[in-house]
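# Residue-level structure breakdown
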Amino acid sequence: MLKNNNPRRTTRNSKEPPTNYSTGIISMNRQGILSRYGQLLNLPPYSTPVTLLEGDTPLVPMPRLVEELGGGFELFVKYEGLNPTGSFKDRGMTAAISEAAGRGAKTVICASTGNTAASAAAFAARGGLRAIVLIPEGKVAAGKLAGAVAHGAQVIQIQGSFDDALSLVVEITQKHPIALVNSLNPYRLEGQKTAAFEICDCLGSAPDWLCLPVGNAGNITAYWLGFRQYHDLKNTGLPRLLGVQATGAAPLVLGHPVDKPETLATAIRIGRPARGEQALQAAEQSQGRIIAVSDPQILAMQRCLAAEGLWVEPASAAGLAGLVSELQSGKINLKGQRVVVVCTGHGLKDPDIITRNLPAPTVLPAELSALEDAILSR
Ligand code: F0G
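Residues numbered from 1 in each chain as written. Predicted model: local features only at pLDDT ≥ 70, side-chain atom pairs only at ≥ 80, totals over all residues. Heavy atoms only, no water.

### Concerning helix 14 (residues 318-328)
Stated formally: Summary of the burial criterion: residues with accessible area below 20% of their type's maximum are buried, those above 50% are exposed, and those between are partly exposed, where the area comes from a 1.4 Å probe applied to protein chains only. A run of H or I in DSSP becomes a helix once it reaches four residues, and a run of E becomes a strand once it reaches two; helices and strands are each numbered from the N terminus.
Helix 14 sits mainly inside the fold: 10 of its 11 residues count as buried. Within the span of helix 14, buried status applies to Ala-318, Gly-319, Leu-320, Ala-321, Gly-322, Leu-323, Val-324, Ser-325, Glu-326 and Leu-327. Looking one or two places after helix 14, you find Gly-330, whose phi comes out positive at around 70 degrees.

### Focus: the packing of aromatic side chains
One pair of aromatic rings is described through two measures. These are the centre distance and the angle between the planes. Under the convention used in this document: For Phe, Tyr and Trp, rings pair up if their centres lie within 6.5 Å, where Trp contributes its six-membered ring, and each pair is then called stacked (planes under 30 degrees apart), edge-to-face (over 60) or tilted (otherwise).
Summed over the entire model, instances satisfying the criterion amount to 3 aromatic pairs. Note on Phe-197 and Tyr-230: the rings are 4.5 Å apart at their centroids and 15 degrees apart in plane angle, and the pair reads as stacked. With Phe-197 in helix 9 (residues 194-203) and Tyr-230 in helix 10 (residues 218-234), the pair connects residues that are 33 residues apart, well separated along the chain. For the residue pair Phe-197 and Tyr-230, the accessibility class agrees, reading buried in each case. Ring geometry for Tyr-223 against Phe-227: centres 6.1 Å apart, planes inclined by 25 degrees, an arrangement best described as stacked. Here Tyr-223 and its partner Phe-227 are both found in helix 10, 4 residues apart, which amounts to about one turn of the helix.

### Side note on the side chain of Lys-89
Cut-off, in case you're wondering: The positive count covers Lys and Arg only, the negative count covers Asp and Glu only, and His and the chain ends enter neither. Here, a salt bridge means any side-chain nitrogen of Lys or Arg that lies within 4 Å of a carboxyl oxygen of Asp or Glu. We call two N or O atoms a polar contact when they sit within 3.5 Å, provided that within protein one can donate a hydrogen and the other can accept it, with sequence-adjacent residues counted only if both atoms are side-chain atoms. We call two residues in contact when some of their heavy atoms are within 4.5 Å.
Position of Lys-89 relative to the elements: it lies in helix 4 (residues 89-102). The side chain of Lys-89 is buried and forms no salt bridge, while Glu-313, the nearest opposite charge, is found at 8.9 Å. A distance of 3.4 Å separates a polar atom in the side chain of Lys-89 from a polar atom in the side chain of Thr-116. If sequence neighbours within four positions are ignored, Lys-89 has contacts with Asn-115, Thr-116, Ser-119, Arg-188 and Gln-192.

### Remarks on the nonpolar core
Our working definition: Among buried residues, those of type Ala, Val, Leu, Ile, Met, Phe, Trp, Tyr and Cys that are joined through side-chain atoms within 4.5 Å constitute a nonpolar core.
By size, the foremost hydrophobic cluster in this structure holds 37 residues, and its most contacted members are Leu-75, Leu-305, Leu-320, Leu-323 and Val-339. Of all the secondary structure elements, the ones that give two or more residues to this core are helix 3 (63-68), strand 4 (74-79), strand 9 (209-213), strand 10 (240-246), strand 11 (289-293), helix 13 (295-307), helix 14 and strand 12 (338-343). Considering every element that reaches this core, the biggest residue donor is helix 14, with 6 residues. Setting aside anything within four residues of it in sequence, one finds Leu-323 in contact with Leu-75, Cys-211, Leu-242, Ile-332, Leu-334, Val-339 and Val-341. Core analysis: the second largest hydrophobic core is formed by 32 residues, Phe-76, Ile-199, Val-214 and Ala-279 among them.

### Regarding a nonpolar patch on the surface
Where we set the bar: For patch detection, residues must exceed 30% relative accessible area and be free of salt bridges, and they are connected within 9 Å for like charges or within 5 Å for nonpolar side chains (Val, Leu, Ile, Met, Phe, Trp, Tyr). Note on areas: Shrake-Rupley with a 1.4 Å probe; residue coverage comes only from the protein chains shown.
The grouping of Leu-364, Leu-368, Leu-371, Ile-375 and Leu-376 at the surface amounts to a nonpolar patch, some 520 Å² of accessible area in total. Looking at the element boundaries, Leu-376 is found in helix 16 (residues 368-376).

### Describing the sheet that holds strand 5 (residues 107-111)
Convention followed: Strand pairing is assigned whenever DSSP identifies at least 2 bridges connecting the two strands. Fitted lines through C-alpha atoms give the axes, limited to the stretch in contact for helices. The angle between two N-to-C directions lies from 0 to 180 degrees.
The parallel open sheet is built from 4 strands, whose spatial order is 7-6-5-8. Strands with a single pairing partner mark the edges of an open sheet, and in this sheet they are strand 7 (154-158) and strand 8 (179-180). When strand 6 (residues 130-136) meets strand 7, the two strands line up parallel, connected through 5 bridges. Bridging across to strand 7, Ile-132 finds its partner in Gln-154. Contacts from helix 7 (residues 162-175) reach strand 5, strand 6, strand 7 and strand 8 within the one sheet, and its direction differs from that of strand 5 by about 150 degrees.

### Focus on empty space enclosed by the protein
Note the following rule: Of the grid points, spaced at 1 Å and generated over the protein atoms alone, those admitting a 1.4 Å probe that cannot get out make up cavities, while open sets with protein on both sides within 12 Å along at least five of seven lines make up pockets; any residue with an atom within 4 Å of a point is treated as lining. Grid points are joined across faces, edges and corners, and a volume is the space filled by probe spheres set on the points. Three classes are used, and their members are as follows: Ala, Val, Leu, Ile, Met, Phe, Trp, Tyr, Cys and Pro are nonpolar, Asp, Glu, Lys and Arg are charged, and the others, Gly among them, are polar.
Inspection of the entire model under this criterion finds 2 cavities of 30 Å³ or more. Along the wall of the largest cavity there are 29 residues; nearest its centre are Phe-88, Lys-89, Gly-215, Asn-216 and Ala-267. Every element with two or more residues in the lining of the largest cavity is listed here: helix 5 (115-127), helix 8 (186-192) and helix 10. Broken down by element, the lining of the largest cavity gets its largest block of residues, 3 residues, from helix 10. Grouping the constituent residues of the lining of the largest cavity by class yields 11 nonpolar, 15 polar and 3 charged.

### Considerations on the site of the ligand
Basically, it comes down to this: Put simply, a residue is near a molecule or strand once any heavy atom of it comes within 4 Å of that molecule or strand. Think of it this way: a molecule belongs to a cavity or pocket when more than half its atoms come within 2 Å of the grid points there.
In the vicinity of the ligand lie 20 residues, with Ser-112, Gly-215, Asn-216, Ala-217 and Thr-344 positioned nearest. Between the ligand and Ala-217, the relevant distance is 2.7 Å, taken from an oxygen atom to a main-chain nitrogen or oxygen of the residue. In the model, an oxygen atom of the ligand is placed 2.8 Å from a nitrogen or oxygen of the Asn-219 main chain. Contact with the protein chains removes 98% of the 470 Å² of surface that the ligand exposes when unbound. At a threshold of 2 Å from the grid points, most atoms of the ligand map onto the largest cavity. Those elements that place two or more of their residues in the shell around the ligand are helix 5 and helix 10.

### What about the confidence of the model for the protein chain?
Applicable threshold: The predictor rates its confidence in each residue with pLDDT, a number between 0 and 100.
Residue-level pLDDT values for the protein chain average 93, and 93% of them are 70 or greater. Low pLDDT (under 50) marks residues 3-14, which in the prediction has 22 contacts with non-local residues, meaning those over four places away or in another chain.

### A closer look at helix 12 (residues 276-285)
Threshold: For this quantity, the arc is that covered by the directions from the helix axis to the C-beta atoms.
Along helix 12, the residues classified as buried are Gly-276, Ala-279, Ala-282 and Ala-283. All buried residues of helix 12 project into a common sector of 120 degrees when viewed along the axis, lining one side. Opposite the packed face of helix 12, turned more than 90 degrees from it, sit the exposed residues Glu-277 and Glu-284. Positive backbone phi, approximately 65 degrees, marks Gln-287, located one or two places after helix 12.

### Details of the environment of Tyr-79
Looking at the element boundaries, Tyr-79 is found in strand 4. Take Tyr-79: its relative accessible area is 6%, and that puts it in the buried class. Along the backbone, Tyr-79 and Val-60 are 19 residues apart, and their C-alpha atoms lie at a distance of 7.1 Å. At 2.9 Å, the side chain of Tyr-79 forms a polar contact with the backbone oxygen of Trp-311. Within the local environment of Tyr-79, its side chain forms a polar contact with the side chain of His-346, the two groups lying 3.5 Å apart.

Given below as structure tokens:
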């Protein structure tokens, strides 16, 4: 178990903001997942906390959307795009980098469709480690690539897929003293399962359904670990899991690897998920399932969420797309149910998908009459 470095414990009664310069934490509210849930995470005692105060993301109620979908159930979005680097990866990365730093690793490496890269780069920078990230050439959204570069990672584009990049980083970490921080690293899952804890803490119990995108399948595996652990401890119940892949990258639905995965939701453009078996088991044990939705369905739900004020990246809309598809085809009955949809990454990660497909802004002379014409005629 990780030692608890919660700064609030020591300064709760002080008027000053809680501070702890040894961990670098200064926060009124946020404390980071290691501080909040460290006792429940299976991390080695030598782990040295490296945190950006990740986690504690909102569970946003969606009553208007529920009405549009026919009503009769509760729907919440777990908005993971509000983590420090804009995706859920930060939960796993604080754990993985804390372990790596504590054992004296100097360099970390990962393969990534982008979010893991940006997160690894940020946490490595925070912990004073070198980060190397391998990404598939030309298939990583601008905001993710920029994040990895901004934090000073060595970014290497592979002329191949995410799956090829993952094979390479596994191979190199077996040969050289470099820490692997993909979700094959068990500490990533330890960190990521805290999202399940937060949902139970917020709702008082697990939801009936949890819907989320599935790529390399670490996150669905971590959620299931988290819900089971909390249920054993606090009797919070277990959700049914609806994992959602993109039709062009749906190995877990097809039952075999996909050599050339394709989807606009580049975050989940993965043909050989490292934790595929565990994901299938989790879906089955939960009495849920893994399904696939098309790119147009994903983009439609991205627009739908944006119209509700939540801009998420395409892959992040897959969970909702899966839910709506099951609902509209009569394969799921949600009457009286409580549903949580996980939106894994922020829309700012992938601005091009919007600017490419939506109309460009109107250009006007800087004159009142022109402005009136433009807005009053609509
Ligand atoms: N949503 C987003 C925004 C992601 O970036 C990813 C995975 C997933 C969902 C799927 O999660 O892999 O645990 O099943 N992104 C990885 C990456 C592969 O490299 O950033 P998963």
